[in-house]
Amino acid sequence: MSINLAFDREHIWHPYTSMIDPLPVYPVVAANGCELELENGQKLVDGTASWWSAVHGYNHPALNAAVTEQLSKMAHVMFGGITHPSAVNLCQRLLAMVPTNLTKVFLADSGSIAVEVAIKMALQYWQGKGNKSKQKLISLRKGYHGDTFAAMAVCDPVDGMHGMFNDVLAQHYFLPAPESAFGASFDSKAMQPLQQLLQQEHQQIAALILEPIVQGYGGMRFYHPEYLKAARALCDQYQVLLICDEIATGFGRTGKLFACEHSQIQPDIMCVGKALSGGYITLAATLCSDEVADGISLSDAKGLMHGPTFMANPLACAVASASLDIIATGQWQQQVAAIEQQLKAELAQCKQGPGVKEVRVLGAIGVIEMVNKVDVAKLQQRFVELGVWIRPFNNLIYVMPSFIISSAQLSQLTAAMAAVVLE
Ligand code: PLP
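Parameters at a glance
- Residues numbered from 1 in each chain as written.
- Predicted model: local features only at pLDDT ≥ 70, side-chain atom pairs only at ≥ 80, totals over all residues.
- Heavy atoms only, no water.
- Pairing = 2+ DSSP bridges.
- Helix = DSSP H or I, 4+ residues; strand = E, 2+ residues; numbered from the N terminus.
- Axes fitted to C-alpha atoms, helices over the stretch in contact; angles between N-to-C directions.
- Contact = heavy atoms within 4.5 Å.
- Near = heavy atom within 4 Å.
- Polar contact = N/O pair within 3.5 Å; in protein donor to acceptor, adjacent residues only side chain to side chain.
- Areas by Shrake-Rupley, 256 points an atom, 1.4 Å probe, with all protein chains shown as cover.
- Nonpolar A, V, L, I, M, F, W, Y, C, P; charged D, E, K, R; others polar.
- Parallel < 35°, antiparallel > 145°, perpendicular 65-115°, else oblique.
- Left-handed = near helix turned anticlockwise from the far one by under 90°.

Caption draft 1: Structural detail: the sheet that holds strand β5 (residues 136-140). Overall, mixed pairing links the 7 strands, which are arranged β4-β12-β11-β10-β7-β5-β6 in an open sheet. Across the chains shown, the open sheet's two edge strands, defined by having one partner strand only, are β4 (102-108) and β6 (173-175). This sheet shows a mean twist of 20° between the axes of neighbouring strands, independent of strand direction. Sheet contacts for helix α7 (residues 192-201): β5, β6 and β7 (205-210); angle to β6, the most-contacted strand, approximately 155°.

Caption draft 2: Representation of the site of the ligand within the structure. Around the ligand sit Ser110, Gly111, Ser112, Tyr144, His145, Gly146, Glu211, Tyr217, Asp245, Ile247, Ala248 and Lys274, and those are all the residues in its vicinity. Measuring from an oxygen atom of the ligand, one finds a side-chain N or O atom of serine 112 at 2.6 Å. A distance of 2.7 Å is found between a nitrogen atom of the ligand and a side-chain nitrogen or oxygen belonging to aspartate 245. Computed on the free molecule, the ligand has an accessible area of 390 Å², of which 83% lies beneath the protein chains in the complex. Of the residues contributing to the shell around the ligand, the split by class is 4 nonpolar, 5 polar and 3 charged.

Caption draft 3: The arrangement of the packing of helix α12 (residues 376-385) against helix α13 (residues 407-422) in detail. Taken N-terminus to C-terminus, the directions of α12 and α13 make an angle of 135°; their axes are 10 Å apart at the nearest point. Considering the angle they form, α12 stands oblique to α13. Classified by chirality, the crossing of α13 by α12 is right-handed. Residues Leu379, Arg382 and Phe383 of α12 touch α13, and the partners they reach there are Ala416, Met417 and Val420. Broken down by class, the residue content of the contact of α12 with α13 amounts to 5 nonpolar, no polar and 1 charged.

Here is the structure:
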(Lines give C-alpha, C1' and ligand atoms only; values in the text may rest on other atoms or scores of the structure.)
Protein backbone atom coordinates (compact mmCIF):
# COMPACT_ATOMS: atom_id res chain seq x y z
CA MET A 1 0.00 0.00 0.00
CA SER A 2 1.42 3.37 -0.92
CA ILE A 3 1.94 6.12 1.62
CA ASN A 4 -0.95 8.59 1.64
CA LEU A 5 0.98 11.80 1.06
CA ALA A 6 -2.18 13.88 0.73
CA PHE A 7 -3.25 12.79 4.24
CA ASP A 8 0.25 13.53 5.55
CA ARG A 9 0.21 16.99 4.02
CA GLU A 10 -3.25 17.78 5.34
CA HIS A 11 -2.94 16.45 8.89
CA ILE A 12 0.57 15.75 10.08
CA TRP A 13 3.05 18.31 11.32
CA HIS A 14 6.69 17.80 10.38
CA PRO A 15 9.59 19.50 12.18
CA TYR A 16 9.63 23.28 11.89
CA THR A 17 7.11 23.48 9.05
CA SER A 18 3.86 25.21 8.31
CA MET A 19 0.62 23.21 8.22
CA ILE A 20 -0.71 25.53 5.53
CA ASP A 21 2.30 25.64 3.24
CA PRO A 22 4.53 22.72 4.27
CA LEU A 23 7.85 21.85 2.70
CA PRO A 24 7.66 18.66 0.61
CA VAL A 25 8.30 15.34 2.37
CA TYR A 26 9.84 12.25 0.80
CA PRO A 27 8.31 8.84 1.58
CA VAL A 28 10.95 6.50 3.05
CA VAL A 29 10.00 2.83 3.39
CA ALA A 30 13.27 1.24 4.52
CA ALA A 31 16.75 2.16 5.71
CA ASN A 32 19.86 -0.01 5.61
CA GLY A 33 23.43 0.86 6.48
CA CYS A 34 23.89 4.38 5.12
CA GLU A 35 21.00 4.25 2.66
CA LEU A 36 17.41 5.38 2.78
CA GLU A 37 15.01 3.69 0.39
CA LEU A 38 12.22 5.78 -1.06
CA GLU A 39 8.79 4.37 -1.85
CA ASN A 40 9.61 4.44 -5.56
CA GLY A 41 12.61 2.17 -4.95
CA GLN A 42 15.24 4.91 -5.26
CA LYS A 43 18.08 4.61 -2.75
CA LEU A 44 19.68 7.69 -1.25
CA VAL A 45 23.03 7.89 0.51
CA ASP A 46 22.21 9.45 3.87
CA GLY A 47 24.35 12.41 4.91
CA THR A 48 22.42 13.21 8.08
CA ALA A 49 22.51 10.00 10.18
CA SER A 50 18.99 11.11 11.04
CA TRP A 51 20.13 14.31 12.75
CA TRP A 52 23.37 12.96 14.23
CA SER A 53 21.82 9.86 15.81
CA ALA A 54 22.26 6.76 13.58
CA VAL A 55 26.05 6.61 14.01
CA HIS A 56 26.25 2.86 13.31
CA GLY A 57 23.92 3.00 10.31
CA TYR A 58 20.37 1.74 9.90
CA ASN A 59 19.10 -1.80 10.40
CA HIS A 60 22.21 -2.81 12.29
CA PRO A 61 22.16 -6.51 13.22
CA ALA A 62 23.43 -6.06 16.79
CA LEU A 63 21.07 -3.18 17.51
CA ASN A 64 18.13 -5.04 15.96
CA ALA A 65 18.95 -8.07 18.10
CA ALA A 66 19.09 -5.97 21.28
CA VAL A 67 15.62 -4.54 20.66
CA THR A 68 14.15 -7.90 19.68
CA GLU A 69 15.57 -9.67 22.69
CA GLN A 70 14.34 -6.98 25.07
CA LEU A 71 10.92 -6.97 23.39
CA SER A 72 10.53 -10.67 24.15
CA LYS A 73 10.97 -9.85 27.86
CA MET A 74 9.18 -6.51 28.32
CA ALA A 75 8.65 -3.42 26.23
CA HIS A 76 8.16 -1.07 29.11
CA VAL A 77 7.68 -0.85 32.82
CA MET A 78 7.46 2.24 35.03
CA PHE A 79 10.73 3.35 36.64
CA GLY A 80 9.14 4.67 39.84
CA GLY A 81 9.88 2.08 42.54
CA ILE A 82 11.13 -0.39 39.91
CA THR A 83 14.46 -0.98 38.20
CA HIS A 84 15.47 -3.36 35.39
CA PRO A 85 18.64 -4.84 33.90
CA SER A 86 18.29 -2.79 30.74
CA ALA A 87 18.69 0.51 32.64
CA VAL A 88 21.43 -0.74 34.96
CA ASN A 89 23.45 -2.21 32.09
CA LEU A 90 23.19 1.01 30.13
CA CYS A 91 24.18 3.27 33.00
CA GLN A 92 27.18 1.07 33.84
CA ARG A 93 28.38 1.37 30.25
CA LEU A 94 27.71 5.09 30.11
CA LEU A 95 29.54 5.86 33.34
CA ALA A 96 32.55 3.90 32.13
CA MET A 97 32.83 6.31 29.16
CA VAL A 98 32.01 9.79 30.39
CA PRO A 99 34.40 12.15 32.21
CA THR A 100 35.34 10.44 35.48
CA ASN A 101 33.81 13.03 37.80
CA LEU A 102 30.30 12.25 36.47
CA THR A 103 28.81 9.50 38.60
CA LYS A 104 25.03 9.90 38.56
CA VAL A 105 22.67 9.39 35.62
CA PHE A 106 19.14 10.63 34.98
CA LEU A 107 17.57 8.89 31.97
CA ALA A 108 15.47 11.36 30.02
CA ASP A 109 13.24 10.82 27.02
CA SER A 110 14.73 13.33 24.58
CA GLY A 111 17.57 15.80 24.27
CA SER A 112 15.41 18.78 25.15
CA ILE A 113 14.22 17.03 28.29
CA ALA A 114 17.79 16.19 29.24
CA VAL A 115 18.51 19.94 29.05
CA GLU A 116 15.44 20.70 31.18
CA VAL A 117 16.71 18.23 33.76
CA ALA A 118 20.21 19.71 33.66
CA ILE A 119 18.80 23.17 34.37
CA LYS A 120 16.64 21.76 37.17
CA MET A 121 19.68 20.03 38.66
CA ALA A 122 21.66 23.27 38.67
CA LEU A 123 18.86 25.29 40.28
CA GLN A 124 18.07 22.61 42.85
CA TYR A 125 21.78 22.22 43.66
CA TRP A 126 22.12 25.85 44.65
CA GLN A 127 18.87 25.70 46.58
CA GLY A 128 20.29 22.74 48.50
CA LYS A 129 23.48 24.64 49.16
CA GLY A 130 21.38 27.41 50.73
CA ASN A 131 22.16 29.85 47.91
CA LYS A 132 18.70 30.58 46.63
CA SER A 133 19.68 33.73 44.75
CA LYS A 134 21.50 31.65 42.13
CA GLN A 135 18.63 31.26 39.66
CA LYS A 136 19.99 32.57 36.37
CA LEU A 137 21.94 30.82 33.66
CA ILE A 138 24.55 32.06 31.24
CA SER A 139 24.35 30.85 27.67
CA LEU A 140 26.11 31.71 24.42
CA ARG A 141 24.79 33.48 21.35
CA LYS A 142 24.46 30.97 18.47
CA GLY A 143 23.70 28.28 21.04
CA TYR A 144 20.94 25.72 20.55
CA HIS A 145 19.69 23.43 23.31
CA GLY A 146 16.25 22.19 22.28
CA ASP A 147 12.64 23.21 21.79
CA THR A 148 11.01 22.90 25.23
CA PHE A 149 10.56 26.03 27.34
CA ALA A 150 13.56 25.93 29.68
CA ALA A 151 15.72 24.78 26.76
CA MET A 152 14.39 27.53 24.47
CA ALA A 153 15.25 30.10 27.15
CA VAL A 154 18.96 29.24 26.72
CA CYS A 155 18.90 29.18 22.89
CA ASP A 156 20.13 32.25 21.00
CA PRO A 157 17.28 34.74 21.59
CA VAL A 158 17.98 36.84 18.48
CA ASP A 159 19.23 34.60 15.68
CA GLY A 160 17.59 31.43 17.00
CA MET A 161 14.21 30.16 15.88
CA HIS A 162 12.28 30.81 19.11
CA GLY A 163 12.40 34.61 19.19
CA MET A 164 8.61 34.90 19.17
CA PHE A 165 8.50 33.31 22.63
CA ASN A 166 11.06 35.65 24.21
CA ASP A 167 8.45 37.50 26.27
CA VAL A 168 7.32 34.35 28.06
CA LEU A 169 10.70 32.66 28.43
CA ALA A 170 12.80 32.81 31.58
CA GLN A 171 15.34 35.61 31.17
CA HIS A 172 18.99 34.58 31.28
CA TYR A 173 22.35 36.12 30.40
CA PHE A 174 23.81 35.71 26.91
CA LEU A 175 27.44 36.14 25.94
CA PRO A 176 28.83 36.69 22.43
CA ALA A 177 29.43 33.42 20.55
CA PRO A 178 33.08 32.33 20.81
CA GLU A 179 34.90 33.95 17.88
CA SER A 180 38.24 32.11 17.78
CA ALA A 181 37.74 29.15 15.47
CA PHE A 182 38.89 25.60 16.08
CA GLY A 183 42.39 25.26 14.64
CA ALA A 184 42.99 29.04 14.51
CA SER A 185 44.89 31.03 17.11
CA PHE A 186 43.08 31.89 20.31
CA ASP A 187 42.34 35.46 21.32
CA SER A 188 42.10 35.51 25.10
CA LYS A 189 40.16 38.80 24.94
CA ALA A 190 37.20 36.55 24.06
CA MET A 191 36.96 35.64 27.75
CA GLN A 192 36.39 39.19 28.93
CA PRO A 193 32.59 39.20 28.63
CA LEU A 194 32.33 36.01 30.72
CA GLN A 195 34.88 37.26 33.22
CA GLN A 196 33.04 40.58 33.64
CA LEU A 197 29.60 39.03 33.89
CA LEU A 198 30.72 36.52 36.49
CA GLN A 199 32.53 39.18 38.48
CA GLN A 200 29.42 41.34 38.62
CA GLU A 201 26.60 38.81 38.79
CA HIS A 202 27.95 35.48 40.04
CA GLN A 203 25.70 35.59 43.08
CA GLN A 204 22.69 35.34 40.74
CA ILE A 205 24.19 32.73 38.43
CA ALA A 206 23.63 29.00 38.85
CA ALA A 207 25.34 27.66 35.74
CA LEU A 208 26.91 28.32 32.37
CA ILE A 209 25.41 26.09 29.69
CA LEU A 210 27.11 25.57 26.35
CA GLU A 211 27.64 23.14 23.50
CA PRO A 212 31.31 22.18 23.81
CA ILE A 213 33.41 22.97 20.70
CA VAL A 214 30.59 22.65 18.12
CA GLN A 215 27.67 25.05 18.14
CA GLY A 216 25.25 22.97 16.07
CA TYR A 217 21.91 24.31 14.97
CA GLY A 218 22.90 27.87 15.85
CA GLY A 219 25.33 27.89 12.90
CA MET A 220 27.48 24.74 12.79
CA ARG A 221 30.38 26.70 14.26
CA PHE A 222 33.57 25.05 15.55
CA TYR A 223 35.25 27.08 18.27
CA HIS A 224 38.61 27.02 20.00
CA PRO A 225 39.16 24.52 22.84
CA GLU A 226 40.92 27.23 24.86
CA TYR A 227 37.58 29.03 25.17
CA LEU A 228 36.04 26.04 26.92
CA LYS A 229 39.11 25.54 29.08
CA ALA A 230 39.07 29.17 30.21
CA ALA A 231 35.29 29.05 30.76
CA ARG A 232 35.75 26.03 33.04
CA ALA A 233 38.38 27.91 35.07
CA LEU A 234 36.16 30.98 35.39
CA CYS A 235 33.19 28.86 36.50
CA ASP A 236 35.38 27.36 39.23
CA GLN A 237 36.66 30.77 40.27
CA TYR A 238 33.16 32.22 40.63
CA GLN A 239 31.33 29.15 41.93
CA VAL A 240 29.14 28.60 38.91
CA LEU A 241 28.31 25.13 37.57
CA LEU A 242 29.28 24.19 34.02
CA ILE A 243 26.70 22.29 31.95
CA CYS A 244 28.05 20.73 28.75
CA ASP A 245 25.35 19.89 26.23
CA GLU A 246 26.97 16.98 24.36
CA ILE A 247 23.69 15.89 22.75
CA ALA A 248 24.99 16.46 19.22
CA THR A 249 28.72 16.08 19.89
CA GLY A 250 28.79 13.04 22.17
CA PHE A 251 30.03 9.54 21.21
CA GLY A 252 32.80 10.39 18.79
CA ARG A 253 31.28 12.84 16.33
CA THR A 254 33.99 15.51 16.71
CA GLY A 255 36.91 13.05 16.75
CA LYS A 256 36.93 12.75 20.56
CA LEU A 257 34.53 10.56 22.47
CA PHE A 258 33.08 13.74 24.03
CA ALA A 259 33.83 17.19 22.68
CA CYS A 260 34.85 18.48 26.12
CA GLU A 261 37.91 16.22 25.81
CA HIS A 262 39.32 18.63 23.20
CA SER A 263 39.78 21.00 26.15
CA GLN A 264 40.60 18.34 28.76
CA ILE A 265 37.88 19.64 31.05
CA GLN A 266 35.12 17.95 33.00
CA PRO A 267 31.67 19.49 33.26
CA ASP A 268 29.61 19.41 36.48
CA ILE A 269 26.56 18.36 34.48
CA MET A 270 26.48 16.81 31.02
CA CYS A 271 23.63 16.04 28.62
CA VAL A 272 23.82 13.26 26.04
CA GLY A 273 21.21 12.03 23.55
CA LYS A 274 20.93 11.45 19.80
CA ALA A 275 23.69 8.81 19.19
CA LEU A 276 23.13 7.38 22.69
CA SER A 277 20.58 4.90 21.35
CA GLY A 278 22.25 4.54 17.95
CA GLY A 279 19.36 6.41 16.36
CA TYR A 280 16.83 3.69 17.19
CA ILE A 281 14.54 4.94 19.97
CA THR A 282 14.29 8.31 21.64
CA LEU A 283 16.55 8.42 24.70
CA ALA A 284 18.81 10.92 26.40
CA ALA A 285 20.57 11.28 29.72
CA THR A 286 21.71 13.97 32.11
CA LEU A 287 24.76 13.11 34.17
CA CYS A 288 26.18 14.92 37.15
CA SER A 289 28.94 14.75 39.75
CA ASP A 290 28.62 13.52 43.33
CA GLU A 291 28.91 17.12 44.45
CA VAL A 292 25.86 18.17 42.39
CA ALA A 293 23.83 15.14 43.49
CA ASP A 294 24.73 15.78 47.14
CA GLY A 295 23.65 19.39 46.84
CA ILE A 296 20.33 18.39 45.29
CA SER A 297 19.66 15.98 48.16
CA LEU A 298 19.96 18.91 50.58
CA SER A 299 17.30 20.93 48.71
CA ASP A 300 13.79 21.34 50.18
CA ALA A 301 12.43 18.61 47.92
CA LYS A 302 15.40 16.27 48.63
CA GLY A 303 14.70 14.28 45.46
CA LEU A 304 15.25 15.52 41.90
CA MET A 305 11.81 16.65 40.83
CA HIS A 306 11.47 14.95 37.47
CA GLY A 307 10.06 11.55 36.45
CA PRO A 308 8.54 11.00 33.02
CA THR A 309 6.19 8.08 32.31
CA PHE A 310 8.57 6.48 29.85
CA MET A 311 11.71 7.12 31.90
CA ALA A 312 14.39 4.45 31.24
CA ASN A 313 12.26 2.69 28.66
CA PRO A 314 13.73 -0.85 28.53
CA LEU A 315 13.72 -1.08 24.73
CA ALA A 316 15.56 2.21 24.42
CA CYS A 317 18.03 1.30 27.18
CA ALA A 318 18.72 -2.12 25.62
CA VAL A 319 19.50 -0.70 22.20
CA ALA A 320 21.58 2.08 23.78
CA SER A 321 23.67 -0.54 25.63
CA ALA A 322 24.27 -2.34 22.35
CA SER A 323 25.19 0.96 20.69
CA LEU A 324 27.66 1.81 23.47
CA ASP A 325 29.19 -1.65 23.15
CA ILE A 326 30.00 -0.81 19.54
CA ILE A 327 31.37 2.59 20.59
CA ALA A 328 33.47 0.87 23.27
CA THR A 329 35.34 -1.14 20.62
CA GLY A 330 36.96 2.16 19.68
CA GLN A 331 36.51 1.55 15.95
CA TRP A 332 34.79 4.92 15.65
CA GLN A 333 38.19 6.59 16.05
CA GLN A 334 39.56 5.34 12.73
CA GLN A 335 36.17 5.76 11.05
CA VAL A 336 35.77 9.38 12.13
CA ALA A 337 39.41 10.21 11.32
CA ALA A 338 38.99 8.76 7.81
CA ILE A 339 35.72 10.65 7.28
CA GLU A 340 37.36 13.87 8.43
CA GLN A 341 40.29 13.44 6.06
CA GLN A 342 38.04 12.65 3.12
CA LEU A 343 35.63 15.50 3.84
CA LYS A 344 38.56 17.95 4.01
CA ALA A 345 40.01 16.70 0.74
CA GLU A 346 36.78 16.54 -1.22
CA LEU A 347 34.98 19.63 0.07
CA ALA A 348 37.98 21.95 -0.41
CA GLN A 349 36.96 22.66 -4.04
CA CYS A 350 33.64 24.07 -2.78
CA LYS A 351 35.43 27.18 -1.47
CA GLN A 352 35.49 28.38 -5.10
CA GLY A 353 31.70 28.26 -5.36
CA PRO A 354 29.88 31.55 -5.95
CA GLY A 355 28.08 32.46 -2.74
CA VAL A 356 30.20 30.17 -0.54
CA LYS A 357 31.34 31.92 2.64
CA GLU A 358 33.35 29.13 4.27
CA VAL A 359 33.98 25.41 4.14
CA ARG A 360 34.86 23.71 7.42
CA VAL A 361 35.29 20.18 8.68
CA LEU A 362 35.69 18.74 12.16
CA GLY A 363 35.54 15.01 12.84
CA ALA A 364 32.59 13.54 10.96
CA ILE A 365 30.98 16.94 10.31
CA GLY A 366 31.38 18.74 6.99
CA VAL A 367 29.89 22.20 6.53
CA ILE A 368 29.53 24.58 3.60
CA GLU A 369 28.39 27.96 4.88
CA MET A 370 26.78 30.09 2.19
CA VAL A 371 26.55 33.87 2.31
CA ASN A 372 22.78 33.76 1.92
CA LYS A 373 19.99 31.46 3.04
CA VAL A 374 19.40 28.56 0.69
CA ASP A 375 16.11 27.48 -0.85
CA VAL A 376 15.65 24.28 1.18
CA ALA A 377 12.88 22.72 -0.94
CA LYS A 378 14.75 23.35 -4.20
CA LEU A 379 18.08 22.08 -2.90
CA GLN A 380 16.48 19.07 -1.30
CA GLN A 381 14.94 18.09 -4.61
CA ARG A 382 18.27 18.53 -6.35
CA PHE A 383 20.00 16.35 -3.75
CA VAL A 384 17.41 13.61 -4.20
CA GLU A 385 17.99 13.76 -7.97
CA LEU A 386 21.69 13.32 -7.21
CA GLY A 387 20.94 10.25 -5.06
CA VAL A 388 21.73 11.69 -1.63
CA TRP A 389 19.85 12.76 1.48
CA ILE A 390 21.22 16.08 2.73
CA ARG A 391 19.01 18.55 4.52
CA PRO A 392 20.28 22.13 4.53
CA PHE A 393 19.00 24.85 6.85
CA ASN A 394 19.37 28.62 6.80
CA ASN A 395 22.65 29.25 4.94
CA LEU A 396 24.20 25.88 5.78
CA ILE A 397 24.69 22.80 3.63
CA TYR A 398 26.23 20.17 5.85
CA VAL A 399 26.70 16.45 6.44
CA MET A 400 27.26 14.36 9.56
CA PRO A 401 27.01 10.82 8.20
CA SER A 402 26.99 7.48 10.01
CA PHE A 403 30.48 6.43 11.06
CA ILE A 404 30.19 3.28 8.93
CA ILE A 405 29.79 5.18 5.67
CA SER A 406 32.01 3.81 2.90
CA SER A 407 34.50 5.99 1.10
CA ALA A 408 32.48 5.67 -2.12
CA GLN A 409 29.25 6.69 -0.38
CA LEU A 410 30.97 9.66 1.24
CA SER A 411 32.27 10.72 -2.17
CA GLN A 412 28.70 10.63 -3.45
CA LEU A 413 27.72 13.07 -0.69
CA THR A 414 30.63 15.44 -1.29
CA ALA A 415 30.14 15.29 -5.07
CA ALA A 416 26.50 16.28 -4.62
CA MET A 417 27.44 19.14 -2.30
CA ALA A 418 30.05 20.33 -4.80
CA ALA A 419 27.55 20.03 -7.65
CA VAL A 420 25.01 22.31 -5.99
CA VAL A 421 27.45 24.99 -4.87
CA LEU A 422 29.62 25.02 -7.99
CA GLU A 423 26.88 24.84 -10.63
N1 PLP B 1 20.92 20.12 22.42
C2 PLP B 1 21.60 20.09 21.26
C3 PLP B 1 23.02 20.56 21.22
C4 PLP B 1 20.97 19.62 20.10
O5 PLP B 1 21.65 19.62 18.93
C6 PLP B 1 19.63 19.18 20.18
C7 PLP B 1 18.93 18.71 18.98
O8 PLP B 1 19.30 18.95 17.88
C9 PLP B 1 18.97 19.21 21.42
C10 PLP B 1 19.65 19.68 22.52
C11 PLP B 1 17.55 18.76 21.53
O12 PLP B 1 17.46 17.39 21.41
P13 PLP B 1 16.06 16.70 20.99
O14 PLP B 1 15.79 17.11 19.59
O15 PLP B 1 16.31 15.23 21.17
O16 PLP B 1 15.03 17.22 21.95
